[in-house]
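Okay, here's what each chain looks like letter by letter:
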Amino acid sequence: MKRLIIILISALLAFPTGVFAADRIPVYRVDDALLFFNKNTGEITGFAGEPGWLTIPAYISGSRVTSIGQGAFADCQSLRKIVIENGLTTIGERAFYGCRGLLEVQLPASVSSLGASAFGSCGSLGRITFNGPVENIAIDAFDGTPWLLGGSEDFVIAGKTLLLRYNGSSPDVFVPKGVTKIAPYAFAQNPYIERVTLPEGLREIGDNAFVHCYSLESIDFPQSLSFVGLGAFDDTIWLRSCTEDFVIVNGLLIGYNGSESCVSIPEGVTSVGSGVFMSDDRVLAVYLPETVRSVNEGAFGSSHSLAAVIIPDSVYFIDDYAFTGSPYVTLYGSAGSYIENYAERNGLNFSTQITVDVNGHGLYFDAPPVIIDGSAYVPMRAILEKMGLSVYWNSPAQEVTVSSESTLVTATVGSTAVTVNGEERTINAPPIFFCERVMLPVRDFAEIFGFDVSWDDQLRRVIINS
C-alpha cells in the first residue's frame, strides 16, 4: 500500500496545482514541493518531493494559510531554508522535527504559537529570524539545534520575549529588556553566575530556571514579576542565605524555611508559589491571609502530614496540581465558594471553617479547629480557659489535667481513657497533637464539666453554654 501511495504522489508531480491525492486531500505545487493543504482549515498537513529552499505562502489557491500541522515536514532531509510569509499563526508539534539539513528559518510577525519540538533535532539549524513576538512557544520547540545550544550570542531569545537559554560565562548577568518570560532550565547549572539583574516587564521565571547555579548570590527582581516556577532557585547561595522563615518577592511566596507545624502565611502575600510546602512533612496546617489571590502548582504537594489548609474567599485561582500527592489534606473555606468547587473538581476533602462560641462569645484560635473521625477538635488551653477551667500540662507524661471547683479530669494524649474525680471513664475520641498543640475533642470535655454542647451544621459552629 505504501509503495502505491508513493507511485501516486510521484505521478502528481506532473500536475501544476489543484489536484487531489488518493485520500482526497488537495495537493498544490509550491516551489519544488507539493503541499497537502486543507482549504477549510487553512492547514498544511504534509508534503511530497524534495524541497530545498521553501517559501510558505500567505495564500494557496485563494485560501489563507494559517497553520502548519503536526509533523507536516518532519524528517525532510532536503530542506535548507524556510521563509514563511505573513499571515500564518501556528506551527504545530514536530512540524519540522528532524530536518537535519535545515540551516535557516524566517518566521513572520503573525506567528503566535510554536508547538512542542516544532524544530526539534534540526541538527544544522543555526539561524532563526523572528519578525515579531511569539505569545506561545513550547519550551522544547528548538531542542537539539545549534541555534539553541551554542550560538555566538550569550542570550538565546525566541520571539523577542522568551529567554530560552543563557550561554554566557560572566559573573554579572543583565537579562535584556523586552524579555517577559525565562524558560525552565534557562540558566541551570551555570557555574559562573554570581549576580543577576532582571528587567522590568519580566513576568515569569520557569521551573528550575537557575537550579544548581551554585555561585548565584544576588538577584535584582523587578516589580513586574508575578510567577516563579518550581525549584527555580534551588541549590543557589541566594536561596540558602535567606534566613527569614518566609522568602517573599513582590508578594509572591517562593520559599518557607520555618519549622512550625502550624503555619500562618504573612499578610501581604498575594500568591503561594510552586512547591513552597512540597514534601515538607513538618507542616500540618497552613493559614492563608485575605491578601492571597492564587496558589500555584505543587505548592502543597507530596505531603503525608498536611491535614488542613484554611483558604479565604479572596483566592480565585488554584492550580489543579497544587495538592497532588497530599492524600489527607482538607481544604477549609466558605460554602459555595471557589474553594469548595475546586475541591470537588479535584477529589479533595472540603469543609467549611469551624467556629466555636462559648456563652455567646466567638473564639479565635492560633491553630485551626478540625473535624477528625467525626469529632470536633479545638486547641486545649484556649477553649478550657474560656470555659473558666484551670489547665495543667505534664509534658513528660503527655498528660493534661483540667479542673473546676468540683471536678478534676486527667487525660493522656492518644488515649480515650480518662479519670474523673478518681474514677476511670472512656471518652469517644482521644486528645491529639496537632500544629504543636494539644487538641481536645470539645464535646467530650465540655459535657464532663456540665456544659451544653450543640452543633450548627449550617454555620459549621460548635456552641457551648454553661
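Residues numbered from 1 in each chain as written. Predicted model: local features only at pLDDT ≥ 70, side-chain atom pairs only at ≥ 80, totals over all residues. Heavy atoms only, no water.

1. Thoughts on the packing of aromatic side chains
Alright, step 1. Per the stated rule, a full pass over the model turns up 22 aromatic pairs.
Alright, step 2. Between the aromatic rings of Phe47 and Phe73, the centroid separation amounts to 5.4 Å while the plane-to-plane angle is 15°, which identifies the pairing as stacked. Of this pair, Phe47 sits in strand S4 (residues 43-49) while Phe73 is found in the loop between strand S8 (67-68) and strand S9 (81-84), placing the two residues 26 residues apart along the sequence.
Alright, step 3. In this structure Phe73 comes out as buried when scored by relative accessible area, which is 0%.
Alright, step 4. On the basis of an interplanar angle of 40° and a centroid distance of 5.3 Å, the ring pair of Tyr256 and Phe277 is categorised as tilted. Here Phe277 lies in the loop between strand S26 (271-272) and strand S27 (285-287) and Tyr256 lies in strand S24 (residues 252-256), a separation of 21 residues in the sequence.
Alright, step 5. Through pairs of rings, three or more aromatic residues link up here, namely Phe47, Phe73, Phe96, Phe119, Phe130, Phe142 and Trp147.
Alright, step 6. Of note, Arg94 hangs over the ring of Tyr97, and the distance from its end group to the ring centre comes to 4.0 Å. (Phe/Tyr/Trp six-rings, centres within 6.5 Å; stacked < 30°, edge-to-face > 60°. Helix = DSSP H or I, 4+ residues; strand = E, 2+ residues; numbered from the N terminus. Buried < 20%, exposed > 50% of the residue type's maximum accessible area, 1.4 Å probe, protein only. Lys NZ or Arg CZ within 6 Å of the ring centre and 35° of its normal.)

2. Structural notes on helix H4 (residues 338-345)
Alright, step 1. Those residues of H4 lying buried are Ile339, Tyr342 and Ala343. Taken around the axis of H4, the buried residues stretch over an arc of 100°, which confines them to a single face. Facing away from the buried surface of H4 by more than 90 degrees, the exposed residues are Glu344 and Arg345.
Alright, step 2. Buried residues belonging to H4 abut strand S30 (317-318), strand S31 (330-333) and strand S32 (349-352). (Arc of directions from axis to C-beta. Contact = heavy atoms within 4.5 Å.)

3. A short note on the sheet that holds strand S21 (residues 218-220)
Alright, step 1. Taken together, the 3 strands give an open sheet; going across it, the order is S17-S19-S21, and neighbouring strands pair in parallel fashion. The open sheet terminates on both sides in strands that have one partner only, identified here as strand S17 (172-174) and S21. Sheet twist, expressed as the average angle between the axes of neighbouring strands with direction ignored, equals 10°.
Alright, step 2. Two strands pair when backbone bridges link them, and strand S19 (residues 195-197) and S21 are joined in this way by 3 bridges, in the parallel orientation. Each bridged residue has a counterpart across the sheet, and for Thr197 the counterpart in S21 is Asp220. (Pairing = 2+ DSSP bridges. Axes fitted to C-alpha atoms, helices over the stretch in contact; angles between N-to-C directions.)

4. Structural notes on the confidence of the model for the chain
Interpreting fine coordinate detail is not advised for predicted regions of low pLDDT.
Alright, step 1. Confidence in the prediction for the chain averages 89 pLDDT; 94% of positions are at 70 or higher.
Alright, step 2. Ranking the elements of the chain by mean pLDDT puts helix H1 (residues 2-12) last, at 42, and S19 first, at 98.
Alright, step 3. This stretch, residues 1-24, has a pLDDT under 50; its non-local contacts, to residues over four places away or in other chains, come to 26 contacts. (pLDDT = per-residue confidence, 0-100.)

5. Notes on unusual backbone geometry
Alright, step 1. One non-glycine residue, Ser121, lies in positive phi territory at about 55°.
Alright, step 2. By secondary structure assignment, the location of Ser121 is in the loop between strand S12 (113-114) and strand S13 (127-130).
Alright, step 3. According to the relative accessible area criterion, Ser121 is partly exposed, its value standing at 27%.
Alright, step 4. At Gln189, a residue that is not glycine, the phi angle is positive and equals roughly 65°.
Alright, step 5. Here Gln189 is to be found in the loop between strand S18 (181-182) and S19.

6. Observations regarding the nonpolar core
Generally speaking, soluble globular proteins have nonpolar side chains that are buried together.
Alright, step 1. Membership of the largest hydrophobic core comes to 45 residues, with the highest contact counts inside it found for Ile91, Leu114, Phe119 and Phe142.
Alright, step 2. At 3 residues, strand S3 (residues 33-38) tops the list of elements feeding residues into this core. (Core = buried A, V, L, I, M, F, W, Y, C linked by side-chain atoms within 4.5 Å.)

7. Observations concerning the pattern of salt bridges
Alright, step 1. Taken as a whole, this structure holds 12 salt bridges when the rule is applied.
Alright, step 2. Taking the shortest distance from any N to any O, the salt bridge between Glu104 and Lys81 comes out at 3.9 Å. Here Glu104 is found in strand S11 (residues 104-107), whereas its partner Lys81 is found in strand S9, with 23 residues between them in sequence.
Alright, step 3. With a relative accessible area of 15%, Lys81 lands in the buried category.
Alright, step 4. Across the pair Asp172 and Arg195 runs a salt bridge whose closest N-O atoms are separated by 2.5 Å. Taken together, the residues span a long stretch of sequence, with Asp172 in strand S17 and Arg195 in strand S19 at a distance of 23 residues.
Alright, step 5. On the accessibility criterion, Asp172 (31% relative accessible area) is partly exposed.
Alright, step 6. Overall, Arg195 belongs to the partly exposed group, its relative accessible area being 28%.
Alright, step 7. Through salt bridges that share partners, Asp172, Glu194, Arg195 and Glu217 make up one connected network. (Salt bridge = Lys/Arg side-chain N within 4 Å of Asp/Glu carboxyl O.)

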